[in-house]
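Per-entry structural report
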Amino acid sequence: AAARESWERSARAELAGRAGEVRALVDGILGEIALGRPLAEPARARAHALEGRLRDRIRAGRLAREPLMTAAMRARERGVDVLLLDDLEGELPERFDMRRAAIRLAAACDDAVERMTVRVLPAGRATVVSLVVDGSPVLLSQEDAAENH
């Protein structure tokens with residue numbers, strides 16, 4: 001009973017923390033929407049970017065890290081359609097450094113003009129992360145983001 005109660009307290013604290021993060025992201029734009037006036041273009045772009053950021057928190061998994069999240073937000077605010085997906089069940093390959101990959105992917109966000117898709121691929125492939133920027137594919141292999149690279 002004590003273990004279950006401890007687990008429930010921990011789960012509630014985690015939920016409260018995540019709710020606070022979401023609130024910090026959206027409070028400003030929701031306040032503008034609540035005024036009932038049409039949003040100016042910069043606010044509309046910010047709302048669209050925030051929608052993408054919230055979706056990332058659900059489906060981006062290992063990609064939901066800095067500096068990629070901030071770069072994706074900037075790209076969305078410029079009107080770039082950014083999609084971040086994590087389709088890998090289980091662990092990344094041992095030598096793959098997601099921190100290093102996130103830095104490379106963030107730089108690609110800065111170059112995107114229309115559309116960017118980043119996907120952590122399912123296990124068993126030579127390519128760990130696929131990246132398509134404005135129709136041009138770029139593949140990140142284990143070697144591209146190796147810890148000793």
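I will try to describe carefully the structure that is included in this document.

Reading the values: rules and limits
Residues numbered from 1 in each chain as written. Predicted model: local features only at pLDDT ≥ 70, side-chain atom pairs only at ≥ 80, totals over all residues. Heavy atoms only, no water. Helix = DSSP H or I, 4+ residues; strand = E, 2+ residues; numbered from the N terminus. Buried < 20%, exposed > 50% of the residue type's maximum accessible area, 1.4 Å probe, protein only. Salt bridge = Lys/Arg side-chain N within 4 Å of Asp/Glu carboxyl O. Pairing = 2+ DSSP bridges. Expected span 1.5 Å × (residues − 1). Contact = heavy atoms within 4.5 Å.

**Focus: unusual backbone geometry**
- Residue P67 is bonded to the preceding E66 through a cis peptide linkage, with omega at 5 degrees.
- Tracing the backbone through its elements, the reader meets P67 in the loop between α2 (41–59) and α3 (68–77).
- Its identity as a non-glycine residue notwithstanding, D134 has a phi of 50 degrees, on the positive side.
- Among the structural elements, D134 can be located in the loop between β3 (127–133) and β4 (136–141).
- Given the relative accessible area of 34%, D134 is considered partly exposed.

**Quick notes on the pattern of salt bridges**
- All chains considered together, the criterion is met by 13 salt bridges.
- Here R53 ties to E66 by a salt bridge, and the two come within 3.7 Å at their closest N and O atoms. A residue pair is termed long-range when its members are at least 10 positions apart, and R53 in helix α2 and E66 in the loop between α2 and α3 qualify at 13 residues.
- According to the relative accessible area criterion, E66 is partly exposed, its value standing at 43%.

**Considering the pairing of β3**
- Of all seven residues making up β3, six are buried, and the element is well covered by its neighbours.
- Note: strand β2 (residues 115–120) against β3, five bridges, orientation antiparallel. When the sheet's bridge partners are listed, V118 is paired in β3 with L131.
- Hairpin connection from β2 to β3: six residues lie between these consecutive antiparallel strands, with G124 at a positive phi of about 90 degrees.

**As for the pairing of strand β1 (residues 81–86)**
- The pairing of β1 with β2 spans six bridges and is classified as parallel. Across the sheet, L83 pairs through a bridge with T117, a residue of β2.

**Quick word on α2**
- Here α2 spans 27 Å end to end across 19 residues, near enough to the 27 Å set by a 1.5 Å rise per residue.
- Among the residues of α2, A43, A45, A49, L50, G52, R53 and D56 are the ones counted as buried.
- Structurally, α2 contributes buried residues whose contacts are with α1 (2–34), α3 and β1.

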